[in-house]
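An overview of the molecular structure
Each chain, letter by letter, is given below.
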Amino acid sequence: MESQHSSENRYQAIYATVRRIPAGFVATYGQVARLAGLKGCARQIGYALSALTDKSAVPWHRVINAQGRISPRSGGSPADMIQRLRLEEEGVCFDERGRIPLDRFQWHPVPNTVCPDKN
DNA sequence: AACCTGACGACGC
DNA sequence: GGCGTCGCCAGGT
């Protein structure tokens, strides 16, 4: 099977993944990359999301970095603030230092496995 | 073709 | 746990 080679296809894979993140939860760039089949390309995630607009149905604000923080855009874009506001609206809490406890809000797609012993 | 940049991440100190 | 470096990949100049 052709793995996605075209950049457009790759972007779509990223958007599709981000779209799966439910409100009230967040995912890291690296996590999204991995779920989209682009493991190791965490930087490309932010790149793809930056191409989005406000009209997009992709919940880009639910993607944060591995530190549980909103990655500061260059140029002091107001997007940072918007992202925080949107997350708070969805019930995601921030630390005094502007950090989100991933332990509580990170999205866990399909716990997979487990069929807890039905023995 | 080479080099720089970017919404990242893992490591080491 | 904060901070600096190096590694990664794709795009743009």
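Look above for the structure.
A short tour of the structure in this document, coming up.

1. Let's talk about a nonpolar patch on the surface
A cluster of nonpolar residues, Met81, Ile82 and Leu85, forms a patch on the protein surface that exposes about 270 Å² of accessible area. For Leu85, the position within the fold is in helix 4 (residues 79-89).

2. Quick notes on the protein's contact with DNA strand C
Taken together, Ser7, Arg10, Cys41, Arg43, Gln44, Tyr47 and Arg97 make up the full set of residues near DNA strand C. The sugar-phosphate backbone supplies 62% of the atoms of DNA strand C found within 4 Å of the protein. Contacts to DNA strand C include Arg43, whose side-chain N or O atom sits 2.9 Å from a base nitrogen. A distance of 2.4 Å separates a base oxygen of DNA strand C from a polar atom in the side chain of Gln44. When contributions to the surface near DNA strand C are tallied by element, the ones reaching two or more residues are helix 1 (7-19) and helix 3 (42-50). The element contributing the most residues to the surface near DNA strand C is helix 3, with three residues.

3. Digging into the protein's contact with DNA strand B
Neighbouring residues of DNA strand B: 16 residues in total, closest Tyr29, Asn65, Ala66, Ser71 and Ser74. The sugar-phosphate share of atoms of DNA strand B within 4 Å of the protein amounts to 41%. In the model, a base nitrogen of DNA strand B is placed 2.7 Å from a nitrogen or oxygen of the Tyr29 side chain. Arg43 places a polar side-chain atom, nitrogen or oxygen, 3.1 Å from a base nitrogen of DNA strand B. Sorting the residues of the surface near DNA strand B by element identifies helix 2 (29-35) and helix 3 as the ones contributing at least two each. Residue contributions to the surface near DNA strand B peak at six residues, all from helix 3. Its residues assigned to classes, the surface near DNA strand B shows six nonpolar, eight polar and two charged.

4. Observations concerning the layout of surface pockets
The space that makes up the largest pocket amounts to roughly 490 Å³. Lining the largest pocket are 20 residues, and of these Tyr29, Gly46, Leu49, Ser50 and Arg73 sit closest to its centre. Mapped onto the lining of the largest pocket, the elements with two or more residues apiece are helix 3 and helix 4. The element contributing the most residues to the lining of the largest pocket is helix 3, with six residues. Taken together, the residues of the lining of the largest pocket break down into 10 nonpolar, seven polar and three charged.

5. Structural notes on the nonpolar core
Here is a general trend for soluble globular proteins: nonpolar side chains tend to be buried in one another's company. Grouped together as the largest cluster of nonpolar side chains are 19 residues, with contacts concentrated most on Ile14, Val18, Val32, Ile45, Leu49 and Val63. The set of elements that each furnish at least two residues to this core consists of helix 1, helix 2 and helix 3. The leading source of residues in this core is helix 1, at four residues. Core analysis: the next-biggest nonpolar cluster, separate from the first, contains nine residues, Val26, Ile64, Ile70 and Leu87 among them.

Cut-offs used in this document
Residues numbered from 1 in each chain as written. Chains lettered and ligands numbered in written order. Predicted model: local features only at pLDDT ≥ 70, side-chain atom pairs only at ≥ 80, totals over all residues. Heavy atoms only, no water. Patch = residues over 30% accessible without salt bridge, like charges linked within 9 Å, V, L, I, M, F, W, Y side chains within 5 Å. Areas by Shrake-Rupley, 256 points an atom, 1.4 Å probe, with all protein chains shown as cover. Salt bridge = Lys/Arg side-chain N within 4 Å of Asp/Glu carboxyl O. Helix = DSSP H or I, 4+ residues; strand = E, 2+ residues; numbered from the N terminus. Near = heavy atom within 4 Å. Polar contact = N/O pair within 3.5 Å; in protein donor to acceptor, adjacent residues only side chain to side chain. Nonpolar A, V, L, I, M, F, W, Y, C, P; charged D, E, K, R; others polar. 1 Å grid on protein atoms, 1.4 Å probe; cavity = no way out; pocket = protein on both sides within 12 Å on 5 of 7 lines; lining within 4 Å. Points joined across faces, edges and corners; volume = space filled by probe spheres on them. Core = buried A, V, L, I, M, F, W, Y, C linked by side-chain atoms within 4.5 Å. Buried < 20%, exposed > 50% of the residue type's maximum accessible area, 1.4 Å probe, protein only.

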